[in-house]
Amino acid sequence: METIRKKEMMMITLMIFSLFFGAGNLIFPPIIGKEAGSNTVTTMMFFALTAIVFPILAVVAVSQSDGLKNLAARVDPVFSIIFTIAVYLSIGPALAIPRAGSVPFEIAVAPYLSSDISLRLALFVYTTIFFLLVYWLSLNPGKLLGRIGKITAPVFLILICMLFIGTFIKPMGMYMPPVGKYKEILGIQGFIDGYMTLDAIAGLNYGLVVVFVIKSKNIHDKGKISRIVMQTGIGAGLLLFIIYMMLAHIGASSASLFPATKNGAEILSLVANFSYGRFGAVLLAGIFTIACLNIGVGLTTSISQYFSTLVKGVSYKMWVSVWVICSYLLANMGLNSIMAYSVPVLQAIYPASLVLIVLALADKYIKGSSIVYRSVIYPVIIVSILNILEMKGISVPLLTEGIKKLPLYRLSLGWISVAAAAFAISYVFLKFRKED
């Protein structure tokens, strides 16, 4: 009989947690905590909706659909290919993987280097070691569970807890009153902050990785796989929320002591130094490096698995080599310019990703109807693109002025009302069509 032990369930939970927790996840909560102040708990509850709930649901949706390609095919075959490639490339080698190699260096290593050391040379050495590790760890996805679940995830949690405990051993101050949007729009700003982590797209990447790991434990029944994904996903989500709250507390309690901080990385650096002195730099370097290493391995594994099935004749290991080399070069040469192009693409496809997740979870009610999928997805994509163009100063006659009248447009969430209206109309049409 197919069974899975509690220890293995725990390891899968830790693996899912680690696959989501990168540099951005470390940086967002502290600055949210600092600016939300006494509203931190409420804000972080809203943050959890888009930074935890949707990403975990994305993993569940993809696992139940046997891959993002199959899920996106419910819209149409052309959309499936274009959307899936855009998701994998934009969240992977075009942005997140090279960023995973450079961000920990810039935040936790470069500030502590001697002035006579070449930063370019130091970055080259750091990223060389980093991407060699990513390559080695990604070569055998069957060992991903053991390496992350047993080693890197527990070490990472220990380091984070050390940073958190330091704020009680050496207290910094009380929570300050909320400022800016965290004062004006209670909680809602947290929803938008979580939305900008882009983790729901990452969840669409990781669905097949999680299923692959579960199947490696000789579990092949689809119903059982879905239950395991749901259970471990909930566990990972709870763990993510606990760590996010720790980081938000660090930011909130540091506000009175370090009022001039501008971002989460600066907050963590100052707090680590305040709590542990010189050891704080080592602690912070370990936290960022392990978090980004897990992200790099997870994304490299998922994108290589997809392209090895898309392009016949090119092996998984060859794709690992391709994406690691591309990411390595970008981390050292052109990351800023790549980010300038990748971020707008991500912002354009993110709303469609959220809608696709919701439709997948409601699929038993719409029976995979391409009418509903197309009627909802395409208008959302159009609104998202128009929104991005408007932010870049490009106006489309009539259409741009039209989307400005949508509810929540000022918060870049105008697509929500479009999705809701499109779903209602297409669902009613589907029901009447069946009755006829």
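As a reminder, the structure under discussion sits directly above these lines.
Given the structure is predicted, the values throughout are model-derived calculations rather than measurements. (Residues numbered from 1 in each chain as written. Predicted model: local features only at pLDDT ≥ 70, side-chain atom pairs only at ≥ 80, totals over all residues. Heavy atoms only, no water.)

Colleague: Mind showing me how you'd approach the overall build of the chain here?
Modeller: Counting its regular elements, the chain contains 20 helices and zero strands. For the chain, the C-alpha radius of gyration of 22 Å lies close to 22 Å, the compact-globule estimate for 436 residues. Buried residues in the chain amount to 55% of all 436 residues. Look at the contacts in the chain between residues 6 or more apart in sequence, and 80% of them connect residues 24 or more apart. Of the roughly 19200 Å² that the chain leaves accessible, carbon and sulfur atoms contribute 69%. The distance from the centre of the 33 positive side-chain charges to the centre of the 17 negative ones in the chain is 7 Å. (Helix = DSSP H or I, 4+ residues; strand = E, 2+ residues; numbered from the N terminus. Rg over C-alpha atoms; globule rule 2.2 N^0.38 Å. Buried < 20%, exposed > 50% of the residue type's maximum accessible area, 1.4 Å probe, protein only. Contact = heavy atoms within 4.5 Å. Areas by Shrake-Rupley, 256 points an atom, 1.4 Å probe, with all protein chains shown as cover. Lys, Arg positive; Asp, Glu negative; His and termini not counted. Charge placed at Lys NZ, Arg CZ, Asp CG, Glu CD.)

Colleague: Whenever I open this one, the layout of surface pockets confuses me. Can you help?
Modeller: A water-sized probe rolled over the atoms picks out the places where empty space is left. A volume near 480 Å³ is recorded for the largest pocket. What lines the largest pocket is a set of 25 residues, and nearest its centre among them are Gly-24, Arg-99, Met-196, Thr-197 and Leu-198. Contributions of two or more residues to the lining of the largest pocket are made by α1 (6–20), α2 (23–36), α6 (96–108), α11 (199–215), α14 (279–310) and α16 (335–361). Looking at the lining of the largest pocket, the element that brings in the most residues is α2, giving five residues. (1 Å grid on protein atoms, 1.4 Å probe; cavity = no way out; pocket = protein on both sides within 12 Å on 5 of 7 lines; lining within 4 Å. Points joined across faces, edges and corners; volume = space filled by probe spheres on them.)

Colleague: Explain the state of the cysteines here, please?
Modeller: Disulfide: a covalent bond formed between the sulfur atoms of two cysteine residues. One pass over the full model with this rule turns up zero disulfides. Take Cys-161: it sits in no disulfide, and the sulfur closest to it among the cysteines is that of Cys-292, at 18 Å. A residue is classified by how much of its surface remains accessible, and Cys-161, at 28% relative accessible area, is partly exposed. Among the residues examined, Cys-292 registers a relative accessible area of 1% and is labelled buried. (Disulfide = S-S within 2.5 Å.)

Colleague: Sorry, what's going on with the pattern of salt bridges here?
Modeller: If charged atoms from side chains of opposite charge come close, those side chains can pair. Counted according to the given criterion, the structure contains six salt bridges. In this structure, Glu-8 engages Arg-5 in a salt bridge whose closest nitrogen and oxygen atoms are separated by 3.4 Å. Glu-8 gets classed as buried once you look at its relative accessible area, which sits at 10%. Taking the relative accessible area as the measure of exposure, Arg-5 reaches 55% and is therefore exposed. Each of Arg-5, Glu-8 and Lys-217 takes part in a single network of salt bridges with overlapping partners. (Salt bridge = Lys/Arg side-chain N within 4 Å of Asp/Glu carboxyl O.)

Colleague: I keep staring at the packing of α1 against α14 and nothing clicks. Help me out?
Modeller: Any two packed helices are characterised by how steeply their axes cross, that is the angle between the axes, and by the distance between the axes. At their nearest, the axes of α1 and α14 sit 7 Å apart, and the two run at 100° to each other. As the angle between them shows, α1 and α14 are arranged roughly perpendicular. Contact with α1, carried on its side by Ser-18, Leu-19 and Phe-20, involves Asn-294, Ile-295 and Gly-298 of α14 and no other residues of that element. Within the contact of α1 with α14, the residues separate by chemical class into three nonpolar, three polar and no charged. (Axes fitted to C-alpha atoms, helices over the stretch in contact; angles between N-to-C directions. Parallel < 35°, antiparallel > 145°, perpendicular 65-115°, else oblique. Nonpolar A, V, L, I, M, F, W, Y, C, P; charged D, E, K, R; others polar.)

Colleague: For this particular structure, what's the right way to read the nonpolar core?
Modeller: One recurring pattern in soluble globular proteins is that nonpolar side chains are buried together. Residues Phe-17, Phe-21, Leu-26, Phe-83, Phe-156 and Leu-356 are the most contacted members of the largest nonpolar core, which totals 148 residues. The element contributing the most residues to this core is α14, with 15 residues. (Core = buried A, V, L, I, M, F, W, Y, C linked by side-chain atoms within 4.5 Å.)

Colleague: What is the right way to read helix α15 (residues 316–332) from this model?
Modeller: An α-helical turn contains 3.6 residues, so any two residues separated by three or four positions project in the same direction. For α15, spanning 17 residues, the distance from its first C-alpha to its last is 25 Å, which sits close to the expected 24 Å at 1.5 Å a residue. Of the residues making up α15, those classed as buried are Tyr-316, Trp-319, Val-320, Ser-321, Trp-323, Val-324, Ser-327, Tyr-328, Ala-331 and Asn-332. In the core, the buried residues of α15 are packed alongside α5 (77–91), α6, α7 (119–138) and α14. (Expected span 1.5 Å × (residues − 1).)

Colleague: Explain the packing of aromatic side chains to me, please; I cannot follow it from the model alone.
Modeller: Each aromatic ring pair is characterised by the separation of its centres together with the angle its planes make. Using the criterion set out here, one finds 22 aromatic pairs in the structure. Consider the rings of Phe-105 and Tyr-126, whose centres lie 5.8 Å apart with planes at 50°: the pair is tilted. Of this pair, Phe-105 sits in helix α6 while Tyr-126 sits in helix α7, and the two are 21 residues apart along the sequence. A relative accessible area of 4% places Phe-105 in the buried class. (Phe/Tyr/Trp six-rings, centres within 6.5 Å; stacked < 30°, edge-to-face > 60°.)

Colleague: What exactly am I supposed to notice about unusual backbone geometry here?
Modeller: Apart from glycine, the bulk of residues carry a negative phi angle, and the bulk of peptide bonds sit in the trans form. One non-glycine residue, Asp-66, lies in positive phi territory at about 60°. Relative to the helices and strands, Asp-66 is located in the loop between α3 (40–64) and α4 (68–72). According to the relative accessible area criterion, Asp-66 is partly exposed, its value standing at 38%. Phi is positive for Leu-408, which is not a glycine, with a value near 70°. Examined against the element boundaries, Leu-408 turns out to sit in the loop between α19 (399–403) and α20 (415–435). Here Leu-408 falls in the partly exposed class, since its relative accessible area comes to 44%.

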